[in-house]
Amino acid sequence: MKIMRAVPSVATAVRDDFDRLVDRLITTPLMPGWAERPATEWVPGLDFSETDKEYVVRLEAPGVPKDDIDVNLEGQVLTISGHREMSHEERTEEYFWRERSAGRFVRSLRLPSSVKADGVDARFADGVITVKVPKAETAIKNKITVK
């Protein structure tokens, strides 16, 4: 049997560089506080739209009790947070697949313009939180005739 010495190829060097980059990204926090986040945090889906009179936010939160949901508006920042626990599991079960998430979630978004904080309406039905935030009256536009 003939033993040959392996010579690293360009592809091997590129793959090694890529692996080091990925390792660095995974172990380096991308934003402040990232490393301190609990492992149980999850991010529910969110839709954000507007009508002529209001902004509408719909957030999917199935399995979250209504009492465990908080909606806050601070200036133009709307924050929806909550907490979901997993149901009791039988110890005799062996999972093939687990995709459901549990724990705390926080979703915040900046609204594009001023809003009326006193007219915010938040409802929870069928696992979807719907928040309607009325837009503030904009200044009346007057066309000025040049004389």
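Since we're looking at a predicted model, the values are computed, not measured. (Residues numbered from 1 in each chain as written. Predicted model: local features only at pLDDT ≥ 70, side-chain atom pairs only at ≥ 80, totals over all residues. Heavy atoms only, no water.)

**So, the sheet that holds strand 2 (residues 54–60)**
Right, so step 1: Ordered in space as 1-2-7-6, the four strands form an open sheet in which the pairing is antiparallel. The two strands at the open ends of the sheet, each matched to only one other strand, are strand 1 (46–50) and strand 6 (121–125). Strand-to-strand twist in this sheet, taken as the mean axis angle between neighbours without regard to direction, amounts to 15°. (Pairing = 2+ DSSP bridges. Helix = DSSP H or I, 4+ residues; strand = E, 2+ residues; numbered from the N terminus. Axes fitted to C-alpha atoms, helices over the stretch in contact; angles between N-to-C directions.)

**Topic: the side chain of R84**
Right, so step 1: Along the chain, the position of R84 falls in strand 4 (residues 77–84).
Right, so step 2: Comment: no salt bridge for buried R84; closest opposite-charge side chain is E60, at 8.9 Å.
Right, so step 3: Within polar-contact distance, the side chain of R84 engages the backbone oxygen of P62 at 2.6 Å.
Right, so step 4: Sequence-distant contacts of R84, that is, excluding residues within four places in its chain, are made with W42, P62, G63, V64, S101, A102 and G103. (Buried < 20%, exposed > 50% of the residue type's maximum accessible area, 1.4 Å probe, protein only. Lys, Arg positive; Asp, Glu negative; His and termini not counted. Salt bridge = Lys/Arg side-chain N within 4 Å of Asp/Glu carboxyl O. Polar contact = N/O pair within 3.5 Å; in protein donor to acceptor, adjacent residues only side chain to side chain. Contact = heavy atoms within 4.5 Å.)

**Some remarks on the confidence of the model for the chain**
Right, so step 1: Mean pLDDT over the chain: 79, with 72% of residues reaching 70 or higher.
Right, so step 2: Contacts for the low-pLDDT stretch residues 32–40, under 50 throughout, to residues beyond four places or in other chains number eight contacts. (pLDDT = per-residue confidence, 0-100.)

**Looking at the packing of aromatic side chains**
Right, so step 1: One pass over the full model with this rule turns up two aromatic pairs.
Right, so step 2: When the ring of W42 is compared with that of F105, the centres are 5.1 Å apart and the planes differ by 65°; the resulting orientation is edge-to-face. Of the two residues, W42 is situated in the loop between helix 1 (10–27) and strand 1 and F105 in strand 5 (residues 103–110); the sequence distance between them amounts to 63 residues. In this pair, the class of W42 matches that of F105, namely buried.
Right, so step 3: Geometrically, the ring pair formed by F48 and Y55 is tilted, given 5.9 Å between the ring centres and 35° between the ring planes.
Right, so step 4: Taking the ring centre of W42 as reference, the NZ or CZ of R84 above it sits at 3.9 Å.
Right, so step 5: One cation-aromatic arrangement involves K135 over Y55; the distance from NZ or CZ to the ring centre is 5.1 Å. (Phe/Tyr/Trp six-rings, centres within 6.5 Å; stacked < 30°, edge-to-face > 60°. Lys NZ or Arg CZ within 6 Å of the ring centre and 35° of its normal.)

**Examining the sheet that holds strand 3 (residues 69–74)**
Right, so step 1: Pairing is antiparallel in the open sheet, where three strands are placed in the order 3-4-5. Looking at which strands have only one partner, the edges of the open sheet turn out to be strand 3 and strand 5. Mean inter-strand twist for the sheet, computed between neighbouring axes without regard to direction, equals 15°.
Right, so step 2: Of the pairings in the sheet, the one linking strand 4 to strand 5 comprises eight bridges and is antiparallel in character. What sits directly across from H83, in strand 5, is R104.

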